[in-house]
Each structure stands twice: as structure tokens, then as C-alpha cells.
Amino acid sequence: MTAPLRRVTPVVRVAPAKLNLTLAIVGRRPDGFHLLHSVIAALDLADRLTLDPAFGPADLLHVVGAGSSPAPDVGPEQENLVLRAIAAARMAIRAAGDDRPLPALAVRLEKRIPVAAGLGGGSSDAVAALNGALEAWGVADLLDAGTQMTVAASLGSDCPFFVRGGWAAVEGRGEHVRPVRRPRGGPLGVVLVTPAVAVPTRAAFERYDAGVRPEGAAALASSTHLVTELQAGLSTTLFLERAGVLAFANDLAPAAADLVPDLTRARRALSRLLDRPVGQSGSGPTLWALSASKADAVGDAAIIRAALADGLIAFPGDRPPFVAAAALAGVP
Ligand code: C5P
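What counts and what doesn't
- Residues numbered from 1 in each chain as written.
- Predicted model: local features only at pLDDT ≥ 70, side-chain atom pairs only at ≥ 80, totals over all residues.
- Heavy atoms only, no water.
- Core = buried A, V, L, I, M, F, W, Y, C linked by side-chain atoms within 4.5 Å.
- Buried < 20%, exposed > 50% of the residue type's maximum accessible area, 1.4 Å probe, protein only.
- Contact = heavy atoms within 4.5 Å.
- Phe/Tyr/Trp six-rings, centres within 6.5 Å; stacked < 30°, edge-to-face > 60°.
- Helix = DSSP H or I, 4+ residues; strand = E, 2+ residues; numbered from the N terminus.
- Lys NZ or Arg CZ within 6 Å of the ring centre and 35° of its normal.
- Near = heavy atom within 4 Å.
- Polar contact = N/O pair within 3.5 Å; in protein donor to acceptor, adjacent residues only side chain to side chain.
- Nonpolar A, V, L, I, M, F, W, Y, C, P; charged D, E, K, R; others polar.
- Pairing = 2+ DSSP bridges.
- Axes fitted to C-alpha atoms, helices over the stretch in contact; angles between N-to-C directions.
- Expected span 1.5 Å × (residues − 1).

A. Structural context of the nonpolar core. Judged by nonpolar contacts, the single largest core of 43 residues is most densely connected at L49, V82, I86, L105 and W137. Sequence-distant contacts of W137, defined by excluding residues within four places in its chain, comprise R6, R7, V8, I86, A89, R90, L102, P103 and L105. Counting residues in hydrophobic clusters, the runner-up holds 28 residues, among them L43, I113, A247 and W288.

Structural data, given as C-alpha cells:
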């Protein structure tokens, strides 16, 4: 007698974006992946996934834009991390010794996080899909936290961070995630500007390997120092005073600038417009400016939109950039 098919309980998951406050490259592994030291914070900007039973044998993915925006191009379906995460969840459950068939899932992914932007959207979607699939099948308790982390790490370098979220110091290829204390007060705000040019992470690391990189190890010094200060208990005021240092603590910034002509010019113009340091998240091209609150970030976003409308500032890409205010994860 064949084992009964498991039932599917519909599940909704929120998949937050992340912001790299620092990103230092400290070495390269024999397999080509780079060793990192990065302080990362989760944002309240998030994609939304709903998982339902599929009316057929195969998992399905339907991507929609937020509100009335068109669906963004998330790449070929078979390479999509959401479907790969569900396949990985199925394999992990089988490896855990449970061979009852796990029904196909239909995922609706509402994208708000820009794609290939340095905000971790694809990785976050994957973790939400992994976690959501286990929940939908009612098998989450069959995989311990360590195994779920290993499965997440197999999907992408940013995925282990999203298993926990919050604020973390991330090392190794991305698999060593250590929670750090969040600045006291807050939550802090950030305005994000993502020029309409995708920067594939791999391409940025390749430019770095080709020698397009900063000299010295300033980013690593800033990154480790930030962790020490956060762990000692940093106020949001003092944290914001570090913004000028953090804005230059990204070893992939020269690579992104090399891949996206005019990114440096746009970054300087944005810094002048807001009269504040502007940094880059991950491999870019997303630019960020920190502020004391989300309300302040909303004001910054309005200033940027007005400057764009008046032609006072321009960003690379054949469309206007994505501009959004967000909050960094606050003290829980
Ligand atoms: O792990 P993920 O699929 O997100 O990485 C995309 C690409 O970025 C990898 O194929 C690799 O070329 C590069 N990468 C790297 N070192 C890391 C993370 C990513 O070289 N720590």
C-alpha cells in the first residue's frame, strides 16, 4: 500500500531585504568563493510569498510586481531559487527518513525587493520558500535547526543570514552567522536608491578578482571595529556618526563602479543632495543613506524623487531608479 499523500496547509511568508553596512573580502577559497566579513541588517522592505497546493505534479512559481507594478524579470524558472529551495526541502525530508510523498506547491511571489540589486532578495525568497514549504507540508519538526541552516547555505551565500535575520556579523562564504547587538534606540531608517541596472554578484566578484578592488584592508578594519562597538552597546546616535566610515567599507564598490558606468558619479551626486555619506549594499548597485528613523528616510526619498523629477540628479539605467525608505531591524 502506498503511503498517503501529505496535505498542504496554505502558508504566507514575508521575505525581508538585507543591507550590508560593511562588506570586506578577506580571502578566496579553493573553490572560488570568497571569504567575507560583513555586518548585515534586515530591512522592513520585503517580498511576500504564498504557498498553496498545486493542481498538478510540478511545483509552480508565479511572480507578480507589488501593487500595480509589472512583474520583474527574476530569470529562468528552473534556475529560480524559490523552486530550488522547495526541491531542496523535499530532498532533506527524504534524507531525514520520511518518504511519504510531499505534494507539489504553487508559489505566488510578490516582488518588492529589486532583483540583482545587492539587497539579498533572491536569497531571502529562497529561505522563505524553504521554511514555508516545510510548514505547508507539516514537516518542519523533522529537520533540526542545524540541518535547515545547512540546506539554506547550499542555496546561496546570503541564505544563512536570512534564517535568523535581525543584525548579524557574517563570515566565511556567508555560512557563519553571529547575531550582533542592534544599536540602542531607533529603529534606524535608510533610503535606498537602486539604479535600473542589474549587477550579478558573480560578475562583481570576477571584477574584484581581476584587480578592481581597493588597496589595503580598510573595509575589514571598519567591519571588525563595528562589531566590537555594537557588542559593547552602541547608541543609534553614535552609530550614525560612523556612517561616513561605513559608506567606504565595501570591497565590492570599485567592481560595481566598473560594471556600471556613472555609478560613482551618481553616488557622489546623491551624497551632495542629501548632505550625507552614501554607501553601497553588497555587490550593488543599490546605494544607501542612513538616518535616525524611517520617517527621516521617507523625507530623503521625497527629496530624491523631487530632484529626479526636476532633472537635478540622474542615475544609470534606462529607467528611473527604485527609490524607497525602509527601517533597519530594531531592538527586538
Ligand atoms: O552564493 P551565491 O549563489 O549567492 O553567489 C553568487 C556568486 O557570487 C557565486 O557564484 C560566486 O561567483 C560569487 N560569490 C563569491 N563569494 C561569496 C559569495 C558569492 O565568490 N562569498
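Moving on, there is more to tell.
B. Local environment of the packing of aromatic side chains. This model, assessed by the stated rule, comprises two aromatic pairs. With a centroid separation of 5.1 Å and 75 degrees between ring planes, the pair formed by F161 and F162 is classed as edge-to-face. Assessed through its relative accessible area of 1%, F161 is described here as buried. For the ring pair W167 and F239, a centre distance of 5.5 Å and an interplane angle of 75 degrees mean the geometry is edge-to-face. Of the two residues, W167 is situated in strand β6 (residues 167-172) and F239 in helix α7 (residues 236-241); the sequence distance between them amounts to 72 residues. Accessibility expressed as a relative area gives 2% for W167, which makes it buried. The class for F239 is buried, based on a relative accessible area of 0%. Over the ring of F248 we find R267, and its NZ or CZ is 5.5 Å from the ring centre.

C. The site of the ligand, seen in detail. Taken together, G32, F33, H34, L36, G156, S157, R173, T201, R202 and F205 make up the full set of residues adjacent to the ligand. Taking R173, its main chain carries an N or O atom lying 3.1 Å from a nitrogen atom of the ligand. In the model, an oxygen atom of the ligand is placed 3.4 Å from a nitrogen or oxygen of the R202 side chain. Of all the secondary structure elements, the ones that give two or more residues to the shell around the ligand are β3 (34-53) and α5 (201-209). Residues of the shell around the ligand, tallied by class, amount to three nonpolar, five polar and two charged.

D. Focus on helix α3 (residues 145-155). Of the residues making up α3, those classed as buried are Q148, M149, V151, A152, A153 and L155. The elements touched by buried residues of α3 are α1 (81-95), α2 (121-137), α4 (159-164) and β7 (176-179).

E. Region of the structure containing the pairing of strand β2 (residues 24-28). Bridge count for β2 against β3 is four bridges, and the pairing is antiparallel. Bridge pairing links G27 to L35 in β3.

F. Structural view of the sheet that holds strand β11 (residues 322-327). Pairing in this open sheet of four strands is antiparallel, and the strands run β9-β10-β8-β11 from one edge to the other. One side of each edge strand has no neighbouring strand; the edge strands of this open sheet are β9 (279-280) and β11. Contacting β8 (189-194), β9 and β10 (287-291), helix α10 (residues 263-274) runs over the sheet at an angle of about 20 degrees to β10.

G. View of the pairing of β10. The element β10 is largely enclosed, with a buried count of five among its five residues. Here β10 shows two buried faces, one formed by L287, A289 and S291 and the other by W288 and L290. Note: β8 against β10, five bridges, orientation antiparallel. Paired with G189 across the strands is S291, a residue of β10. Judged from the two bridges that link them, β9 and β10 form a sheet pairing that is antiparallel. Within the sheet, the bridge partner assigned to Q280 lies in β10 and is L287. Where β9 hands over to β10, the hairpin turn is made up of six residues, of which G282 adopts a positive phi near 55 degrees.

H. Region of the structure containing α1. With 15 residues, α1 ought to run about 21 Å at 1.5 Å a step, and its terminal C-alpha atoms sit 20 Å apart, in line with that. For α1, the full list of buried residues reads L81, V82, L83, A85, I86, A88, A89, R90, A92 and I93. Residue N80 occupies the N-cap position of α1, its side-chain oxygen lying 2.7 Å from the main-chain nitrogen of V82. Downstream of α1 by one or two residues, G97 has phi in the positive range, about 100 degrees.

I. Inspection of the side chain of S281 at higher detail. Position of S281 among the secondary structure elements: in the loop between β9 and β10. On the accessibility criterion, S281 (0% relative accessible area) is buried. With residues near it in sequence (within four places) discarded, S281 still touches K18, L19, N20, A117, G118, L119, N250, T286 and W288.

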